[in-house]
Amino acid sequence: MSAGCCRLCSSLLVFWTLLILPGTPAQARDWWTVRHPTAGPPQAVGSPAAGCLAGGVALPLEGPGYQVVRASRERYFGHPRLIRYIRDLGRQIVGSTLDTVYVGDLSQPRGGPMSYGHASHQNGLDVDIWLTPGRPLMQPARLRETIDVPSVVTADGTAIVRTVWSNGHARLISLAARPPEVDRIFVHPAIKRELCRTAGGNRDWLHKVRPWRGHSAHFHVRLACAPGEKDCLPGRPLPPGDGCDEMDHYFNGPGRALLPLPKELPPGHRPPRVALPESCTGVVKAP
Ligand SMILES: [Zn+2]
């Protein structure tokens, strides 16, 4: 290669470097490297499995009736409606037999796909709430990084673990399902079957509780899109009824294959890449 060509190459390099270095928003960033929400009005964009969040806010790491676990993952951001929902739920249970709940992942500061773990939780409307055995204590933040809870379902997925499951869990899920902004809640089919068995006459919340693989040590709450947020993609309408007759599909039909608890994902496992709505590009690039 000639010296002239080298000079040309280096001036081209300087030119391109100036174009893409900080100061220009042209470079796409990975969602999990963005540390702050965007300013401006809240907007859940796309769906929980392919979306992002503008104008998200951080859930304070503890408050009456709740405490965030694994805060170092920085997934405690959500749509302001989700933050309000969690704080209201905490206020309802403080002083009851449960007293406090452990709150797991919400979303990253701007939502979007995660580097490991969930495929959903992308548009600021999802939160995991742990099913803690007994009455959990308020724990120091350091301990909340490593704390774990046992599954309330047996490993083969066919039964509830009676020594772990309690009426408090059933009450917590029913309280969590009642607010009108809740679209659906995912629990293991064995938990849904137990709720069907014990719900009694007042079961109008039960149709929102949907059987889903895993979800045996926590339940997953999903809020509906806020009215007027046109970029938010609503989920499929739920079938009518309390959903209890579907349980036969899981325990006596082909759904049996979905019962065993999934093995833990290997560290570093990446959820599949998904195509995001176009407006998410603006969200991740915003200052
Ligand atoms: Zn979840």
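Residues numbered from 1 in each chain as written. Predicted model: local features only at pLDDT ≥ 70, side-chain atom pairs only at ≥ 80, totals over all residues.

Caption draft 1: Quick peek at the overall build of the protein chain. Looking only at helices and strands, the protein chain features seven helices and 11 strands. Seen along its three principal axes, the alpha-carbon backbone of the protein chain occupies a region of about 85 × 40 × 40 Å. Residues classed as buried in the protein chain amount to 35% of the 287 residues present. Of the contacts formed within the protein chain by residues at least 6 apart in sequence, a portion of 76% connects residues at least 24 apart. (Helix = DSSP H or I, 4+ residues; strand = E, 2+ residues; numbered from the N terminus. Buried ≥ 20, exposed ≤ 12 C-beta atoms within 10 Å, placed from the backbone. Contact = placed C-beta atoms within 7 Å.)

Caption draft 2: Just the packing of helix H2 (residues 80-93) against helix H4 (residues 167-177), in detail. Viewed as axis vectors pointing N to C, H2 and H4 meet at an angle of 140°, and their least axial separation amounts to 10 Å. Judged by the inter-axis angle, H2 sits oblique to H4. Note on packing geometry: the crossing formed by H2 with H4 is right-handed. On the side of H2, the interface is formed by Leu-89, Gln-92 and Ile-93, while H4 contributes Leu-172, Leu-175 and Ala-176. The residue inventory of the contact of H2 with H4, partitioned by class, reads five nonpolar, one polar and no charged. (Axes fitted to C-alpha atoms, helices over the stretch in contact; angles between N-to-C directions. Parallel < 35°, antiparallel > 145°, perpendicular 65-115°, else oblique. Left-handed = near helix turned anticlockwise from the far one by under 90°. Nonpolar A, V, L, I, M, F, W, Y, C, P; charged D, E, K, R; others polar.)

Caption draft 3: Expanded view of the confidence of the model for the protein chain. In the predicted model, the protein chain carries a mean pLDDT of 88, and 90% of its residues have values of at least 70. A low-confidence stretch, residues 1-27 stays under pLDDT 50, and its non-local contacts, those more than four residues away or across chains, total five contacts. (pLDDT = per-residue confidence, 0-100.)

Caption draft 4: How the structure looks around the pairing of strand S2 (residues 50-54). With respect to burial, S2 is a largely interior element, five of its five residues being buried. Burial of S2 is two-sided: the residues Ala-50, Cys-52 and Ala-54 facing one way and the residues Gly-51 and Leu-53 facing the other way are all buried. With five bridges connecting them, strand S1 (residues 43-47) and S2 associate as antiparallel partners. Bridged to Gln-43 within S2 is Ala-54. Taking the residues that link successive antiparallel strands as the turn, the S1-S2 hairpin has two residues. (Pairing = 2+ DSSP bridges.)

Caption draft 5: Structural context of the environment of Gly-200. Mapped onto the secondary structure, Gly-200 falls in the loop between helix H5 (189-198) and strand S10 (209-211). C-alpha separation for the pair Gly-200 and Pro-287, spaced 87 residues apart in sequence, amounts to 52 Å.

Caption draft 6: Inspection of H2 at higher detail. Here H2 is 14 residues long and its end C-alpha atoms lie 20 Å apart, about the 20 Å a rise of 1.5 Å per residue gives. Those residues of H2 that fall on the buried side of the exposure criterion are Leu-82, Ile-83, Tyr-85, Ile-86, Leu-89, Gly-90 and Ile-93. Around the axis of H2, the buried residues are gathered within 160° of arc, so they sit on the same side. Phi turns positive, to about 85°, at Gly-95, one or two residues after H2. (Expected span 1.5 Å × (residues − 1). Arc of directions from axis to C-beta.)

Caption draft 7: Quick look at the nonpolar core. Counting 49 residues, the largest nonpolar core has Ile-86, Val-103, Ile-173 and Ile-185 as the members making the most contacts within it. It is H2 that provides the largest number of residues to this core, a total of six residues. Beyond its immediate stretch of four places on either side in the chain, Val-103 contacts Tyr-66, Gln-67, Val-68, Val-69, Ile-86, Val-127 and Ile-129. (Core = buried A, V, L, I, M, F, W, Y, C linked by C-beta atoms within 7 Å.)

Caption draft 8: Quick look at the environment of Pro-240. Relative to the helices and strands, Pro-240 resides in the loop between strand S11 (218-223) and helix H6 (247-252). The spatial distance from the C-alpha of Pro-240 to the C-alpha of His-207 is 7.4 Å, given a sequence separation of 33 residues.

Caption draft 9: View of the environment of Pro-113. Residue position: Pro-113 is located in the loop between strand S7 (101-103) and strand S8 (126-130). Judged by C-beta crowding, with 24 C-beta atoms within 10 Å, Pro-113 ranks as buried. Separated by 157 residues in the primary sequence, Pro-113 and Arg-270 have C-alpha atoms spaced 9.5 Å apart. Non-local contacts of Pro-113, meaning those with residues more than four positions away in its chain, are made with Trp-31, Gln-122, Pro-271 and Val-274.

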